Amino acid sequence: MNKKIVVIGSSNVDLIMKMDHLPEKGETVTNADFFQVYGGKGANQAVAAARAGGNVAFVSSVGEDAYTPQMLKNYKNDSIDTRFVFEEAGIASGHALIMIGDQGDNYLSVAPGANYKLTPERVDQALPVFEEAGIIVMQYEIPEETIKHVIDLANTRNIPVLMNFAPARQFDFSYIPKIDILVLNEVEAGFLAEMKVKNEQDAEQAAIKLIEQGVEKVIITLGAQGAFVRSKNEKIAVPAFKVNAVDTTAAGDTFCGAYAVANAEGMISRVALQFASAAAALSVTKMGAQPSAPTRTEIEDFLKQSL
Ligand code: ADP
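Bear in mind that the values here come from a model prediction, so they are computed numbers and not experimental data.

> Got a minute to help me understand the packing of aromatic side chains in this structure?
Scanning the model with the defined rule gives eight aromatic pairs in all. With 6.4 Å between their ring centres and 50 degrees between their planes, Phe84 and Phe86 make a pair best called tilted. Comparing Phe84 with Phe86, the two get one shared label, buried. One aromatic cluster in this structure is built from Tyr140, Phe165, Phe171, Phe173 and Phe191.

> What's the story with the pairing of strand 2 (residues 12-18) in this structure? I'm lost.
Looking along a regular strand, one sees the side chains alternate between the two faces of the sheet. Of all seven residues that make up strand 2, five are buried, and the element is covered over most of its length. As defined by bridge partners, strand 2 adjoins strand 3 (residues 33-39) across seven bridges and the pair is classed as antiparallel. Each residue of the ladder has a partner; that of Asp14, found in strand 3, is Val37. The pairing of strand 2 with strand 6 (residues 94-100) spans seven bridges and is classified as parallel. By the bridge assignment, Asp14 is partnered in strand 6 with Ala96.

> How do you make sense of the site of the ligand when you look at a structure like this?
Near the ligand there are 17 residues, and of these Asn185, Thr221, Gly223, Gly226 and Phe241 occur at the shortest range. Taking Gly223, its main chain carries an N or O atom lying 2.8 Å from an oxygen atom of the ligand. In isolation the ligand has 560 Å² of accessible area, and contact with the protein removes 83% of it. Looking at the shell around the ligand, the elements with two or more residues in it are helix 8 (251-264) and helix 9 (269-284). Grouping the amino acids of the shell around the ligand by side-chain chemistry returns eleven nonpolar, six polar and no charged.

> Explanation requested: the side chain of Glu88 in the structure shown.
With respect to the element layout, Glu88 can be found in the loop between strand 5 (85-87) and strand 6. A residue is classified by how much of its surface remains accessible, and Glu88, at 8% relative accessible area, is buried. Among the polar contacts listed, one links the side chain of Glu88 to the side chain of Ser61, at a separation of 2.8 Å. Not counting the four nearest positions on each side in its chain, Glu88 is found in contact with Ser61, Val62, Gly63, Glu64, Ala114, Lys117 and Arg122.

> What is the right way to read the side chain of Lys4 from this model?
The topology assignment puts Lys4 in strand 1 (residues 4-8). What Lys4 contacts, discounting residues up to four positions off in sequence, is Asn55, Ala57, Asp81, Arg83, Val129, Glu132, Ala133, Gly134 and Ile135.

> Even after reading the chapter, I still don't get the sheet that holds strand 9 (residues 161-164), so can you show me in this structure?
Strand pairing in a sheet is mediated by backbone hydrogen bonds. Such pairs are either parallel or antiparallel. Read across the sheet, nine strands follow the order 5-4-1-8-9-10-11-12-13 without closing on themselves; strand pairing throughout is mixed. What marks the edges here is a single partner per strand, and that holds for strand 5 and strand 13 (235-238). For this sheet, the mean inter-axis angle between neighbouring strands, taken without regard to orientation, is 15 degrees. The pairing of strand 11 (residues 217-221) with strand 12 (residues 227-230) spans four bridges and is antiparallel. Bridge assignment links Val218 to a residue of strand 12, and that residue is Arg230. Docked against the sheet, helix 1 (residues 41-51) engages strand 1, strand 4 (56-62), strand 8 (133-138) and strand 9, running at close to 160 degrees with respect to strand 4.

> What's the story with the nonpolar core in this structure? I'm lost.
The nonpolar side chains of a soluble globular protein tend to be buried with one another. Among the nonpolar cores identified, the biggest contains 51 residues, and Phe255 and Tyr259 are the most heavily contacted of them. For this core, the element with the most residues is helix 9, which contributes nine residues. Leave out the neighbours within four places in its chain, and Phe255 touches Val183, Ile219, Thr221, Ala227, Leu273, Ala276, Ser277 and Ala280.

> I would appreciate a short explanation of the sheet that holds strand 7 (residues 106-111) in the present structure.
Strand order in the open sheet made by the four strands is 3-2-6-7, with mixed pairing throughout. Edge positions in the sheet fall to strand 3 and strand 7, since each has one partner strand and no second. Recorded for the sheet is a direction-independent mean angle of 15 degrees between the axes of neighbouring strands. Sheet topology note: the strand 6/strand 7 ladder contains six bridges and is antiparallel. Bridge pairing in strand 7 places Ile98 opposite Leu108.

Rules used in this analysis
- Residues numbered from 1 in each chain as written.
- Predicted model: local features only at pLDDT ≥ 70, side-chain atom pairs only at ≥ 80, totals over all residues.
- Heavy atoms only, no water.
- Phe/Tyr/Trp six-rings, centres within 6.5 Å; stacked < 30°, edge-to-face > 60°.
- Buried < 20%, exposed > 50% of the residue type's maximum accessible area, 1.4 Å probe, protein only.
- Helix = DSSP H or I, 4+ residues; strand = E, 2+ residues; numbered from the N terminus.
- Pairing = 2+ DSSP bridges.
- Near = heavy atom within 4 Å.
- Polar contact = N/O pair within 3.5 Å; in protein donor to acceptor, adjacent residues only side chain to side chain.
- Areas by Shrake-Rupley, 256 points an atom, 1.4 Å probe, with all protein chains shown as cover.
- Nonpolar A, V, L, I, M, F, W, Y, C, P; charged D, E, K, R; others polar.
- Contact = heavy atoms within 4.5 Å.
- Axes fitted to C-alpha atoms, helices over the stretch in contact; angles between N-to-C directions.
- Core = buried A, V, L, I, M, F, W, Y, C linked by side-chain atoms within 4.5 Å.

Shown next as C-alpha cells:
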C-alpha cells in the first residue's frame, strides 16, 4: 500500500439558505430553500483524495453537536483513517452560515469552533501518523501556530508539505520557503507574492517569486482557464476540461486532494495536473463540495474519454 496522504485541516458543517433576494438589515426573507452539507477545506480535500484512490489519514478537530456523528461516519465511509480526528468537548464543530441570493451573490459567516482547537499539542498527539506519511496536505482554516508546527515536524522528517494557501490571510512569511508544493488560485498567489495578479502572466511572475524564496513547486489554478505548475526550470500548463459547470464550490479542494494522490503515486507533472484537473472538472458538474468529489474509476473513465 502507498504511504499515507496525511491531510491536516478543518471540518465544517455548512448551513445554506438559497433565496430570491438577500435580506436588508432587519428584513426577514421567508421563502428560502435550506440545504445542509459537510464542508471545511481540510475535510473536502481528505474526501477528494480518498475517492481519487489515496490512502488517507485526516487530522482534524470536531466538536459536540447534532451534526458531528454523521460527519465522522462520512469520513469512515470513504475509508479515511480517523484515529486522529479529535472530538473536543464543550464546543461546536466549525460551522458556515451561507445565504445565497438569486444572482449567486452571498452573505457568508464562519464560526471556526473546534477547528481552532487543533493546536500544536493536538498535532503532537497525532505524531504516529507522521511515521506513515508520504505527503502532508494543509490549508489555512486552522491556527497559524499549528501550520508552522506541522511544517517544522515535516521538515525534520523529510516529509513533503503541500499547502493550499486558502483562504489567503496574514501568515508568517518566513515559513513559505519551508513548503515544498504551494497550490494557489490567482488571489492567493497575489497575496503571497505581494503583487497584483490579474492574468496568467502575472500569476507566473508570482510563482517565480515564490520559487526564488525556496518553494520547490508552485501550482496555480485558473478556474475554467486550467492550471499550471511552475518549478525552477519549467512551466507545464494544462487547460481545464470542458464541462457543464453547475457548482464550482470546492473545485480547488478537489483539485488539491486529487493532486496529492497523483503526487503520492509518482505521476509526472503533466499527468498529475491532468488527473487533478479531471477530478476538479467532474466535481463542478455536481452540487456540493464533498458529495461531488469523483471516484478513481470516474476520473479514469473521464480521462479516457476526454484526452
Ligand atoms: P478555487 O476554487 O480554489 O478558486 P479554481 O476555481 O482555480 O480554484 O479551480 C481549480 C481547478 O478546478 C481549475 O484549475 C480547473 O482544473 C478546475 N475547474 C474550475 N472551474 C472549472 C470549470 N468551470 N470547468 C472545468 N474545470 C474547472
